[in-house]
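Structural overview
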Amino acid sequence: MAPTFEDLKECIPQNLRRIRNSKSQIEASKIPFEEIDLQLYKPEARCIAFRIPQEKLEPWLYAITKLAASPLPVTTEDLPSNCYSECKFMDERGNDSCTTTSKITQIQYTVFTSAKQCTVKMYTIHLFLSTGLVEIQGNYIKHFSDKEMTRYQSSVNEYITLNSKAKKEQMSSTMDDKSGASLYSSQDDLFDINGDNSPHS
């Protein structure tokens, strides 16, 4: 059974590792945060990438696991609107790891589309939890940049908003509970002082 989002949250490191320079000699410092620069890599690399800051790794993990499972279709004459994805959970050595007890450091989604009984591989999303690096590789990276990226960013913002709202409601509930407990304590003290006037007597 594949791990759930709650399982994957446990795999988020407390501190991100430094990103090593990629095989295409792109300096890690030049990879933008939460944005895509189509000019960063050479065209033959068929690759785009962005970085995720430590504090937003959980929202991005949520967005990727949610949206990569239901990719947007490519509407062209050659490719009909029928897309799907396959997912792999990998450890730091690159071994497939679908158990929640294993330490998952990389999540990989490969997106396909079917065209006249022929399956076409569009792109693969690599999320490296240990460094916060996201790489998208394949022939349809521009489709991801133009169509998918805004969906992911919106999902990230949605998660942050909902999570913030839930925390505020929890804090408000906790404060109400403490206020009520304090009120009951004050009333008990008052009745103890008055002795015979206690409602418990």
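These numbers were taken from a predicted model, which means no experiment stands behind them. (Residues numbered from 1 in each chain as written. Predicted model: local features only at pLDDT ≥ 70, side-chain atom pairs only at ≥ 80, totals over all residues. Heavy atoms only, no water.)

**Overview of the packing of aromatic side chains**
Note the threshold: Under the pairing criterion, centres of Phe, Tyr and Trp rings, with the six-membered ring standing for Trp, must be within 6.5 Å; the plane angle then separates stacked pairs below 30 degrees from edge-to-face pairs above 60, leaving the rest tilted. Counting from the N terminus, the helices are DSSP H or I runs at least four residues long and the strands are E runs at least two residues long.
If you walk through the whole model with that rule in mind, you get 7 aromatic pairs. The interplanar angle of 35° and the centroid separation of 4.7 Å between the aromatic rings of Y62 and Y159 together place this pair among those described as tilted. Pair noted here: Y62 is in helix α2 (residues 57-67) and Y159 is in helix α3 (residues 141-194), with a separation of 97 residues, a long-range link.

**A word on the nonpolar core**
Where we set the bar: Definition used in this section: a nonpolar core is a set of buried Ala, Val, Leu, Ile, Met, Phe, Trp, Tyr and Cys residues joined via side-chain atoms within 4.5 Å. Accessibility here uses a 1.4 Å probe with only protein chains present; expressed as a share of the type maximum, an area under 20% marks a residue as buried, one over 50% as exposed, and anything in between as partly exposed.
Ranked by size, the top nonpolar core spans 35 residues in total, and within it I107, I125, I136, F144 and Y152 carry the most contacts. Those elements that place two or more of their residues in this core are α1 (5-9), β1 (47-51), α2, β2 (83-90), β3 (106-115), β4 (118-128), β5 (133-138) and α3. In this structure, I19, I31, Y41 and A49 belong to the second largest nonpolar core, which totals 9 residues.

**Concerning the pattern of salt bridges**
Quick reminder of the rule: Salt bridge, as applied in this entry: a Lys or Arg side-chain nitrogen positioned within 4 Å of an Asp or Glu carboxyl oxygen.
Under the criterion given, the structure shown has 7 salt bridges. Of the charged contacts, one joins K9 and E6 as a salt bridge, the two residues approaching to 3.4 Å between their closest N and O atoms. Within this pair, K9 and its partner E6 are both found in helix α1, separated by 3 residues, close to a single helical turn. Assessed through its relative accessible area of 48%, E6 is described here as partly exposed. Notably, a salt bridge pairs E58 with K9, separated by 3.7 Å at the nearest N-O pair. Of the two residues, E58 is situated in helix α2 and K9 in helix α1; the sequence distance between them amounts to 49 residues.

**With respect to the environment of D37**
The condition that has to hold: Whenever a nitrogen or oxygen atom comes within 3.5 Å of another N or O atom, the pair is scored as a polar contact, on the condition that within protein one atom can donate a hydrogen and the other can accept it, and that pairs from neighbouring residues in sequence are kept only if both atoms are in side chains.
Relative to the helices and strands, D37 is located in the loop between α1 and β1. In this structure the C-alpha to C-alpha distance between D37 and S145, which are 108 residues apart in sequence, comes to 8.9 Å. Only 3.0 Å separates the side chain of D37 from the backbone nitrogen of Q39, close enough to count as a polar contact.

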